[in-house]
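The chain contents come next:
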Amino acid sequence: MRNAERNRLEAQRSGSENWRLWGPYLSERAWGTVREDYSPHGTAWEDFSHDQARSRAYRWSEDGLAGISDDRQRLCFALALWNGRDPILKERAFGLTGNEGNRGEDVKEFYFHRDATPSHSWLRYLYKYPQAEFPYGRLVFENRMRGRTDPPFGLLDSGVFDDGRSWDVEVTHAKAGPDEIHIRIEAANRGPEPATLHLLPTLWFRNTWSWTDGAPRPRLHSIAPPAGAAWAIRAEHPELGAYHLYGAAPAELLFTENDSNAQRLWGIPNATPYVKDGLHRRVIQGEAGAVNPELEGTKAAPWYIIEVPGGEARAVELVLSAAPLAQPFARTAAVFATRGREADAFYDALLPEADAEDKRVLRQALAGMIWCKQFFHYDVARWLDGDRLPPPDGRKGGRNRSWKHLKSSDIVSMPDTWEYPWFAAWDLAYHCAALALADVDFAKDQIEVLLSERFLHPNGQIPAYEWAFGDVNPPVHAMAALKVFRAERVQRGEGDTHFLHRVFHKLLLNYAWWVNRKDADGHNVFEGGFLGLDNISVFDRSQPLPPGYSLKQADATGWMAMFALNMVVMALELAAEDPDYEDIAIQIYQQFLGIANAIGGHVPGAVSLWDEADGFFKDLIVGPDGTVSRVNVYSMVGLIPLFATEVVDRRLLERVPRFRRMLATHKGGKFQGSYVCACPDWENDRGEHLLALVDHTMLPRILQRLLDRDQFLSDYGIRSVSRIHAEQRHLGDLPGIGQALIEYVPGESTSGLFGGNSNWRGPVWMPVNYTLVQSIEKFHRFLGDAYRVPVPCLGGRELTLKEIATLIADRLVSLYRPDGSGRRPVYCTQPTFNEDPHWRDLLLFYEYFHADTGQGLGAAHQTGWTGLLANLVMRRHRADIPDYWKAQAQRVEVAEA
């Protein structure tokens, strides 16, 4: 495994070289975010629009196409384009705001994260640019005319790519060292006729001087080019130091300032004619006075105009380097060739024997994960105070007012660089599971950032996401920490117990917050509310029920039971070195048994969330008089209790005698006189114990629904709502709610009740499917091949639990594998992706998937949790793990579970 890329990661880990200094840290969109919102009523999309973005300097972060920056986003580089027809310079991705799109916010561009290594030594990005005028107005108009039941109108629908009349502009960044980056921009004319393209590779400083009195202004200026270069720009920054951008081919250099065009935006005279949109005005409008003739400023670009015959390509080469180079292009060809081979070697080592399609899924999924690393900059206290802009009325009593401690200037894994260019807590936990395959140290860093004092609330709550830090996401961060700890132990032969110590203590604060804030009655039945599942229930769970009514959630309780078991296992891992952690393991395990007791209805006066008649977990509504009504919905809510599953091996139990005695005391899952869970009754032949909320009598009943094609099982994974609700829609009268309705909607949501394009009412979602696969594999690990279950979709044929997990995992991977006709189901409504050779192998990792057709839906670049496909592909080829990993996997078999 110690190939060149692994060596770079080890150098990063040791601190001898900082390969993460430069990375793909620019978002595709910084406009329309909460951070940039200074509106009176929190209307972020309208306060800072795409139209303003070319003229208005950002406060917190920058955006760009194929962009890179240093890790504090002081100096930025990205691509700008013009096809000779567009009304604006193409400097950033365009899309519809939440109020413009019939499916909510929606990027209307085609760009692809082709390849990436974790050290960012090799980055490839492809942008497809129409040769016809980009249809900005038509995209807005057509979608505003459509309703929620209509499909969205996209760029392919507009006809601008017909007859192949487009540009494939591929940008490749290859590092010669941590601060020397060779850049190749290749523009391929896919049309049949010659065409002209304007290329403006842009270098600029993030505006830090406009927000603090006395802050120094950095400087870009033209310098004499060295041998082999046609031009050169020097960048001088008081913190970052000096950098140099060199171009191999002649170009006209354009310089302006990264300052707002106050005249255009607000009718206020500019202090200088050189403002942020100076490049646009010079190239598109022909204003020679919009750029600085002295060839200096804070934003600059060489202006290339290239003529390319149909079917051919032209390339432009640049070098960005901290050190001045006497011959900057002397080794460019060698750097590109070497880094490309090293990237191949890195991914071949991860999946050596797989076929080309599985390798493509894994490589592009992980590339998307790496490209979705973003600079996240936000100081809530300063933002609330107005930050040089007068704070609007109500700001201090509005959004995120209770999170003044949150201060970030970090590199964070984002769900999507356009639709979600901000962290989302439970997404990030799942990102770490995928990132750990390629860069376990970065995955560990992500968990620690989220649990740092700059993020974690003093009361222990983990911030949910930028639009509402106080919302509640599922408590999956202990799961992620344990997953990353185990991944490192497999890869390096030992786990980082110092990491586990640090995150365990922070997670204890979060655990206490859940226990004290989300268990209103102190009965170990939880009321998480929204829980990130976009209100999969029959009413809006973000809103309170009428006074006196409460909701007892099967999913919140299941998540908490999983959280408890994760914490127990972490404590046992730590107790192997420090026996003092045995006390904590006992305490939390007792809490888990209490949750199991409550969910099973064994608390006096309580009703079980397990519906014995139907063999499924369901939510309960408790009225003011104590009457209980069951919400008869078959959804992911009732499957989540399965996730509370852990296998404890003999190694973990050797140093915890009191914990072992407690297991014996509660043998058979007995707690306070009742049988409550699948806890130790016997050992398997490896001396392991199963700790689980669901026992071996419940499991087959759940699986009968799970594996029925007329209920949860689709050809592409597990539906979030059972298909039976296509007919069983009316649930009768529910106290405190009235007439209750649940619908199975396999694709896009037909309701705007929960905002945007959110929909957990039927489609296939990757994170919960992935966790389900993991849970079933844990049951198999304990129960073994002798435990078999009849599978409805196979006519009742019995399978082992491992075979059942594989059945589900393979259906998820099949979303991206060509079917018998050579078409990928994910693109079933976009024939261009299945038929055009220039599109066929380009993968977009969608937010969720149509449960009946496999069509990709939602955010098109959410390689965040959909990047878990990389993990599922790896599972498919576990027998082919390289010898180094295989040896460690045999030594620590529990790691993948």
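Residues numbered from 1 in each chain as written. Predicted model: local features only at pLDDT ≥ 70, side-chain atom pairs only at ≥ 80, totals over all residues. Heavy atoms only, no water.

Caption draft 1: Spotlight on the sheet that holds strand β2 (residues 65-70). Spatially, six strands are ordered β1-β2-β3-β10-β16-β14 in an open sheet, and the strand pairing comes out antiparallel. With one partner strand each, in any of the chains shown, β1 (22-23) and β14 (252-256) form the two edges of the open sheet. Relative to strand β16 (residues 299-308), strand β10 (residues 195-205) runs antiparallel, the two sharing seven bridges. Of the residues in β16, the one forming a bridge with Thr196 is Glu307. (Pairing = 2+ DSSP bridges. Helix = DSSP H or I, 4+ residues; strand = E, 2+ residues; numbered from the N terminus.)

Caption draft 2: Inspection of the packing of aromatic side chains at higher detail. Counted according to the given criterion, the structure contains 51 aromatic pairs. One cation-aromatic arrangement involves Arg29 over Trp31; the distance from NZ or CZ to the ring centre is 5.7 Å. Above the face of the Tyr58 ring, Lys276 is positioned so that its terminal group lies 4.0 Å from the ring centre. (Phe/Tyr/Trp six-rings, centres within 6.5 Å; stacked < 30°, edge-to-face > 60°. Lys NZ or Arg CZ within 6 Å of the ring centre and 35° of its normal.)

Caption draft 3: Just the sheet that holds strand β15 (residues 296-297), in detail. Pairing is antiparallel in the open sheet, where nine strands are placed in the order β6-β7-β8-β9-β17-β13-β12-β11-β15. Each having just a single partner strand, β6 (110-116) and β15 make up the two edges of the open sheet. In terms of strand pairing, strand β8 (residues 166-177) meets strand β9 (residues 180-189) through ten bridges, oriented antiparallel. Pairing of Val171 across the sheet is with Ile185, part of β9. Lying over the sheet, helix α7 (residues 332-350) contacts β6, β7 (122-130), β8, β9 and β17 (313-321), oriented at roughly 90° with respect to β8. The sheet contacts of helix α8 (residues 356-371) involve β6, β7 and β8, and relative to β6 the element is tilted by about 100°. (Contact = heavy atoms within 4.5 Å. Axes fitted to C-alpha atoms, helices over the stretch in contact; angles between N-to-C directions.)

Caption draft 4: How the structure looks around unusual backbone geometry. Its identity as a non-glycine residue notwithstanding, His120 has a phi of 65°, on the positive side. Mapping His120 onto the fold places it in the loop between β6 and β7. What makes His120 buried here is its relative accessible area of 1%. Not every positive phi belongs to a glycine, and Asp163 is a case in point at roughly 60°. Mapped onto the elements, Asp163 comes out in the loop between α4 (136-144) and β8. Since its relative accessible area comes to 63%, Asp163 is described here as exposed. (Buried < 20%, exposed > 50% of the residue type's maximum accessible area, 1.4 Å probe, protein only.)

Note that every value here comes from positions in space, so none of it alone points to a role or purpose.
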